[in-house]
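Remarks on the overall topology
For reference, the chains in residue letters:
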Amino acid sequence: MVVSLLEIRLANKEDIANQKKLWKKSFGDEDKYIDFYYRHRYQAANTMLLFKDNHLASMLTMFPLYLATPDNKKFKAAMFYGIATAPEYQGYGFATKLINYCNDFLAKQNTYFTLLVPASKNLFGFYYKLGYRASFYLRESVVTADFVNALPAQSAYKCSINPATPEEYNSRREKLLAGKLHVAYGEEDILYQKRLAQASGADIYTVDGADVLGCAVVERANPRKVVIKELLLPEQYLPAAVKKIMSFIPSVEYVLRTPYFCNQPGANTVKPFGMLRCNNKNTAASLEDFG
């Protein structure tokens, strides 16, 4: 009789080589990016691994952060990232087992909220079955330089854009999102985003207008596409800010992402991008309260 052995445990540095192989097989990223992540962002103490017969089958990392609610309360939370199962072990429910294990593990540490960003639209259904609900939305459009340049000039809304420190960015971000359900990051999270943006040829920025202070995260996806991953600014300033970004990061097209409540010029769509799960029925702030 053959007995199949399953083990779930936290990672250690001796596991990194096998984790990189699993990441490569699961996501297909270039070695350069994988090495960048493991050098600047990886946290063994927050990474849970599932082994089958002593072979790494599935993994995920639990980044600690806070969930900020519309009434300006903050709750300990964790973001699940890099959820991966080796192709040869898919179909056994290992990802489900690992996600549920990690939620129980965190709840014992009084971290009752976990969130994740599905890698594709079809995964929303999978995570819904595990108790996650779409709770974070963004507005997105794809525009060309010609489209943005053709927008009516609004001289009253001129702005300046400069590279930001993680401290500057985080301070502005929290002020701009106050009163909204959002993820409150630590400065180490923002630092990693800055390094990631810089590696692509862009940065994180402060955006200063005559009577407003905003911020933006910009990454170059490829020679023809720039992604403005986050632009927090009153909507009347959006054209001026995007034009300014275009002036020093030229590209064929731009993906613009703003909060769902911020209207963009031209055609755009509101779509869910993050899901949330609460692991404590007695927690006063339930998912339904967040709306």
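Shown above is the structure to which this text applies.
In short, a report on the structure. Bear in mind that the values here come from a model prediction, so they are computed numbers and not experimental data.

**Comments concerning empty space enclosed by the protein**
Scanning the model with the defined rule gives 2 cavities of 30 Å³ or more in all. Every residue lining the largest cavity is listed: Ser141, Val143, Phe147, Val148, Leu151, Leu238, Pro239, Val242, Leu256 and Pro265. Only strand E6 (133-144), helix H5 (145-149) and helix H8 (238-248) provide two or more residues apiece to the lining of the largest cavity. If you tally residues by element for the lining of the largest cavity, the top one is H8, at 3 residues. Its residues assigned to classes, the lining of the largest cavity comprises 9 nonpolar, 1 polar and no charged. Computed from the structure, the second largest cavity encloses a volume of approximately 40 Å³. Looking at the second largest cavity, the residues that line it are Gln19, Trp23, Tyr37, Tyr38, Tyr42, Thr47, Met59, Leu60, Thr61, Tyr81 and Gly82. When residues of the lining of the second largest cavity are traced back to their parent elements, those giving at least two are helix H1 (16-27), helix H2 (31-40), strand E3 (55-68) and strand E4 (74-85). Considering every element that reaches the lining of the second largest cavity, the biggest residue donor is E3, with 3 residues. Considering only residue class, the lining of the second largest cavity consists of 7 nonpolar, 4 polar and no charged.

**Regarding the nonpolar core**
Core analysis: the biggest nonpolar cluster contains 47 residues, and Leu60, Met62, Phe80, Ile99, Leu115, Tyr127 and Tyr132 have the highest contact counts within it. In terms of residues, this core owes the most to one element, E3, which gives 8 residues. Setting aside residues up to four positions removed in sequence, Met62 forms contacts with Leu10, Asn46, Met48, Ala78, Met79, Phe80, Cys102, Phe105 and Leu106. Counting residues in each nonpolar core, the second largest holds 27 residues, with Ile161, Ala216, Ile228 and Tyr254 among its members.

**Observations concerning a negative patch on the surface**
Negative charge collects at one region of the surface, where Glu167, Glu168, Glu187 and Glu188 lie side by side. Elements with a minimum of two residues in the negative patch: helix H6 (166-177) and helix H7 (187-200). With respect to the element layout, Glu187 can be found in helix H7. Classification of Glu187 as partly exposed rests on a relative accessible area of 38%.

**Comments concerning the pattern of salt bridges**
As enumerated under the stated definition, the model contains 17 salt bridges in all. The closest approach of N and O atoms between Asp53 and Lys52, which form a salt bridge, is 3.2 Å. Notably, a salt bridge pairs Lys74 with Glu174, separated by 3.6 Å at the nearest N-O pair. With Lys74 in strand E4 and Glu174 in helix H6, this residue pair connects regions lying 100 residues apart in the sequence. Since its relative accessible area comes to 48%, Lys74 is described here as partly exposed. Three or more residues joined by partner-sharing salt bridges are found here, namely Lys74, Arg173, Glu174 and Glu230.

Parameters and conventions
- Residues numbered from 1 in each chain as written.
- Predicted model: local features only at pLDDT ≥ 70, side-chain atom pairs only at ≥ 80, totals over all residues.
- Heavy atoms only, no water.
- 1 Å grid on protein atoms, 1.4 Å probe; cavity = no way out; pocket = protein on both sides within 12 Å on 5 of 7 lines; lining within 4 Å.
- Points joined across faces, edges and corners; volume = space filled by probe spheres on them.
- Helix = DSSP H or I, 4+ residues; strand = E, 2+ residues; numbered from the N terminus.
- Nonpolar A, V, L, I, M, F, W, Y, C, P; charged D, E, K, R; others polar.
- Core = buried A, V, L, I, M, F, W, Y, C linked by side-chain atoms within 4.5 Å.
- Buried < 20%, exposed > 50% of the residue type's maximum accessible area, 1.4 Å probe, protein only.
- Contact = heavy atoms within 4.5 Å.
- Patch = residues over 30% accessible without salt bridge, like charges linked within 9 Å, V, L, I, M, F, W, Y side chains within 5 Å.
- Areas by Shrake-Rupley, 256 points an atom, 1.4 Å probe, with all protein chains shown as cover.
- Salt bridge = Lys/Arg side-chain N within 4 Å of Asp/Glu carboxyl O.
- Lys, Arg positive; Asp, Glu negative; His and termini not counted.
- Charge placed at Lys NZ, Arg CZ, Asp CG, Glu CD.

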